[in-house]
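Letter by letter, the chains look like this.
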Amino acid sequence: MGLPPSMQVEESEEGRILTISVGPQHPGSGHFRLVVKVDGDIIVDADPDPGYVHRGEEKMCEYRNYIQNIPHLERPMIADSCGILYPFCLGVEEIANIPVPERAKYIRVIMAELNRCIFELYWLGIYGIFLGHSTMFMWPMGDRELLIDLAEAATGARVTHAYFVPGGVRNDLPENFKERAFRQLDYFKHRLDQYKDIFYNNPLFLDRTKGVGVLSAQDAINLGVTGPVLRASGVKHDIRKIEPYDVYDQLDFEVYSMNTGDSYARAYVPLLEMYESINIIKQALEKMPSGSVRTKLGPNPRGPAGESFKRVEAGRGELAYYLVSDGTAKPYRVKMSVPSFRQIPAMSYLLKGSKLADMPAIYWSLNYWPVEADR
Amino acid sequence: MATVQEFSFAEFVKSILWLTFWILVIFTLILLPIIFIVLFFVPAPEIAGIEMNPYLLLTMMVNPQIGAPLINLTLDQPFFKVAVFPGFTFAALFATAIIFVERKFLAKMQIRVGPYYAGREVFWWARSLEGLLQMLADLLKLLGKEVIIPAGADKPIFWAAPVVLVVASSALIAVIPAGPGWVIADIDVGLLAVFAILGFFPLTALLASWASNSKYPFIGGLRALHQMIAYEIPLILSVLGVVILSGQLNLSKIVVAQEPYWYILLLPIGAFVFFITALAELERVPFDLPEAESEIVAGWLTEYSGMSYGLIQLASYIKLYALAGLFVTLFLGGWMGPPPLAFLGPNAPSGVDMFGVELLSTQEAVGILWFVVKTFGVAVLMLLPRGINPRIRIDILLRTGWAKLIAISFINIFIALALLYLGVAGPAGPVGVISP
Amino acid sequence: MSSQGDQPEEGSQAKAEAKPEAAKPEAAKPVVQKPVEIPALEKGIIEKFTGRFGDKIKLVYAKPKRIRFNVKTEDVLDFARFLHDEVGFDQPISVAGVDYPKENIIEVVYHIGCCTKPEYTSSVFAFGLKLPRNDPKMPTLIPVYGGVEYHERETFEMLGVIFEGHPRLERLLLPEDWADIPPLRKDFSIKGR
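Rules and cut-offs
- Residues numbered from 1 in each chain as written.
- Chains lettered and ligands numbered in written order.
- Predicted model: local features only at pLDDT ≥ 70, side-chain atom pairs only at ≥ 80, totals over all residues.
- Pairing = 2+ DSSP bridges.
- Helix = DSSP H or I, 4+ residues; strand = E, 2+ residues; numbered from the N terminus.
- Axes fitted to C-alpha atoms, helices over the stretch in contact; angles between N-to-C directions.
- Contact = placed C-beta atoms within 7 Å.
- Buried ≥ 20, exposed ≤ 12 C-beta atoms within 10 Å, placed from the backbone.
- Nonpolar A, V, L, I, M, F, W, Y, C, P; charged D, E, K, R; others polar.
- Domains from an automatic or database assignment.
- Core = buried A, V, L, I, M, F, W, Y, C linked by C-beta atoms within 7 Å.
- pLDDT = per-residue confidence, 0-100.

Details of the sheet that holds strand S4 (residues 105-113) of chain C
Think of a sheet as strands paired side by side through backbone hydrogen bonds, with each pair either parallel or antiparallel. Residues and elements named next belong to chain C. Strand order in the open sheet made by the five strands is S1-S2-S5-S4-S3, with mixed pairing throughout. With partners counted over all chains shown, the strands left at the sheet margins are strand S1 (58-63) and strand S3 (91-100), one partner each. Each neighbouring strand pair of the sheet contributes to a mean axis angle of 15°, computed without reference to strand direction. Both S1 and strand S2 (residues 66-71) contribute to a ladder of five bridges, which runs antiparallel. Bridge pairing in S2 links Leu 59 to Phe 69. Most of the contacts of helix H4 (residues 149-159) go to S3, to which it runs at about 10°, and overall it touches S3 and S4.

Let's talk about the environment of A:Pro48
Residue and element names in this part refer to chain A. Residue placement: Pro 48 occurs in strand S4 (residues 42-49). Judged by the 24 C-beta atoms lying within 10 Å of it, Pro 48 is buried. Taking the C-alpha atoms as reference points, Pro 48 and Ala 265, separated by 217 residues in sequence, lie 23 Å from one another. Apart from the residues lying within four places of it in its own chain, the contact partners of Pro 48 are Leu 34, Ile 344, Met 347 and Ser 348.

Let's talk about the interface of chain C and chain A
Taken together, the contacts link 38 residues of chain C with 36 residues of chain A. Sorting the residues of the side of chain C that touches chain A by element identifies helix H1 (12-23), S3, S4, strand S5 (124-132) and H4 of chain C as the ones contributing at least two each. Top contributing element to the side of chain C that touches chain A by residue count: S3(C), with six residues. By residue class, the composition of the side of chain C that touches chain A is 21 nonpolar, eight polar and nine charged.

Re the sheet that holds strand S8 (residues 318-325) of chain A
Residue and element names in this part refer to chain A. The antiparallel open sheet is built from three strands, whose spatial order is S7-S8-S9. Each of the sheet's edge strands pairs with one partner strand only, and the pair in question is strand S7 (306-313) and strand S9 (333-337). Mean inter-strand twist for the sheet, computed between neighbouring axes without regard to direction, equals 10°. Two elements, S7 and S8, share eight bridges in a ladder whose sense is antiparallel. Residue pairing for S8: Glu 313 is matched across the bridge by Glu 318. Across the sheet, helix H3 (residues 81-96) touches S7 and S8, and the angle it forms with S7 is around 145°.

What to know about the interface of chain B and chain A
Across the contact, 25 residues belong to chain B and 30 residues belong to chain A. For the side of chain B that touches chain A, the secondary-structure elements that each account for two or more residues are helix H14 (293-296) and helix H17 (394-421) of chain B. By residue number, the principal contributor to the side of chain B that touches chain A is H14(B), which donates three residues. Broken down by class, the residue content of the side of chain B that touches chain A amounts to 11 nonpolar, seven polar and seven charged.

Quick look at the domain arrangement of chain A
Residues and elements named next belong to chain A. Here the domain parsing of chain A yields domain 1 (9-49) and domain 2 (57-374). For domain 1 versus domain 2, the separation of C-alpha centres amounts to 31 Å. Taken together, the contact between domain 1 and domain 2 spans 13 residues of the former and 15 residues of the latter. Those elements that provide at least two residues to the side of domain 1 that touches domain 2 are strand S3 (33-39) and S4.

What to know about the nonpolar core
Grouped together as the largest cluster of nonpolar side chains are 251 residues, with contacts concentrated most on B:Leu320, B:Tyr321 and B:Phe327. Here this core gets 19 residues from one element, more than from any other, and that element is helix H4 (residues 102-131) of chain A. Apart from residues no more than four positions distant in its own chain, B:Leu320 is found in contact with B:Ala95, B:Ile98, B:Leu282, B:Ala379 and B:Met382.

Here we look at the confidence of the model for chain A
Residue-level pLDDT values for chain A average 86, and 96% of them are 70 or greater. Below a pLDDT of 50 lies the segment residues 1-11 of chain A, which in the model reaches 14 contacts outside its immediate sequence neighbourhood of four places, other chains included.

As structure tokens, this is what we get:
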């Protein structure tokens, strides 16, 4: 009795290789396809196939002026929308020579850090699903609601805030934001301690992630990965410290890195970053001056012909925008270099030779967001 | 888009009356004549000399005193034991209750509410019945869904596999004593029968996955096979200690042999190994690799939808009841326990009787009560790891099952032998050191 | 903000002239003037390159933390190797293709960052190649920077640039049945606009 005809089997010297499409219709992949060839339980080849949600963001940017680009540019990364708009605003401010008020800079830092926490909680929840741990999904999602409430109080939307504009932010924070934020952040910190105890010290979690998918520092730099993945491999590279933008140089925070480079490190570094984010938000709320939050711009702001390259540390890593302007109100070319796209080579590199059961642990620990990679 | 109908009490009463009318009409005009026509040709069954005929049912409704000895006699029938208690109906209801408790329990652990709306709007006093009717809603939903069979699937096996699973799970409960004398099959090799039946499950899982003709069930079925076979051996070995100390394979006699001490106090390691391997046999988290959602969609039951899926879930939870009952029987003293209301002295209610006819003796009633309570407790304990742990990986699972658990079970057997030779426990009770 | 350098700057001549004129209509906003000298760090990097390559490369701009050169196709592999091994910029950040139909070129710009050398980590080094629009070909830089593999593949499918030596030059993000011209070219217009 042969194999049923639905299975594509290739005879090779090593044995029978099964091609599985961990495809877009799969509870463990997102809008993304990985064509995986397995030999028994060992992955022989993993071929990433993004592009299922490609919307032509970069092309669309050329048809709209700088302000009109804001709502659709944040869609690739709805959970961390401030992070993906930040370098765009910085780039436009450089091209069109727009100054930003101090208070707006502090608010931008606060919202960017809040979005970082929001994204990393979502990421932690989905990591729980991938590992089969349902409580690790429910708790971060529940706690995320508190942070989203804060974001909604400030911007009016739960996700996709469309809050950053060239010249500052759209509107000021509400009256009692500071007290409310302090209260919720204290509770959140208490919850992070619980996560460390319950999720990260779980022996089964350690079994599943320690020593799995080890990425050395040299490989990490060469493959171009960024963000917590890079920091988990031992390279202490954080744009907030290296090339501080807005008021990061006036705030006191630490950058963590671990030198094991396995999935556990890639899962642990975001937790430490969340602690630091709480720290940063509290400092920024204390130091924030009063004043206006937005520079008044004329209609259709434009700058001279030129280019600018700005980068920012978003939740997943280094997000960079390469803006080319030709002197008109519409950008000539907008190129987004997103961290998820840069993580793709690491995916196929790490998955070769690992077990099929490790595939979710490795794939999601690389902080990959399919919609962002496709733009 | 249906409009919400306003509840009107008059309409409600009218519909109840209409329903009653039609039931009476059908019963009197259609059902009764059919029964008498059948009785004309086939003699009515006799229970203890009383010929059963349908008029007895009507008589019992107005004069329950006549019905009491009849009910007493029915309780002794094998059919009652197989179908109602401790047989299939009880197991199915227990399974349903466990599913509901699992969902609520996990929800509270995860700071959620769980099933909430089903049953809230039924009666005005049901506001606090948060989602109690959810299981009924799920059953009706599953009954109404389409069963999709993949192209190229092996149809006879595809249809038969869930049924075989339910049959095998139900066969497991035939040997478990739910009270003194309340066991369907009081056979002298009861424990051996349990292990023989447990051998059906990996085979059926593999057949189900093979018949699905698809890649993900294929991988899931192989994983299920590996897992269940690897954990059957520690399961059997962990029970050997109990067999040594009690000298019996008959489950009812094992319960009685636990009179001085429950075996969990004498053989805690065996109980622990049994519990872990039972979780692996049930494919519960952390051992739910065969249904690992994020890797292989739903494992070997990916292609099952509708009532086939419902049957597989029913089989899984009946097996949960069976293995929890087995744990209670082997290690926790089965149905033994003190009478709960003994402190009331001579006025304590004794047994269950109806109009002077004793349906259940005190010992039986207390035994059944303690069995249900203990089994429920063990089942809830089996639900607990789902909220705590992620899924285990196949190589860690196989390493644990084949190496570590077998080693621990052997240690357990040595402890049992030591206890036997030291005379602390044994088939003949505590006798002191046995001289060689 | 651009700074006026003393070195020959190709392409920023127009920028330099446009700057003072553009500054006047926006005189309402305070314009912070940066110093006109190229900072020492960037000067050191530039001197390394001009020492090695001389006339074969052209400096486009040298702002604080941002340097850009324009390189020719035949020198680009040497240039990248020098950048990676000698100078120490080792982390590829992005590969961008820009279409200039008026000048009939497609420009491919590489942005490289540095992770290891602490004095260079805040800078981003950019270099660009101008390729003819009807036959854009250039050697792939995968032997030097492994991480540009998918970026180059995307530039190929979006703009039609052929990277010689790329192990797998096929479509990545576009749908399988894409039968139109590469979409980021300026003559491809979104329907309805």
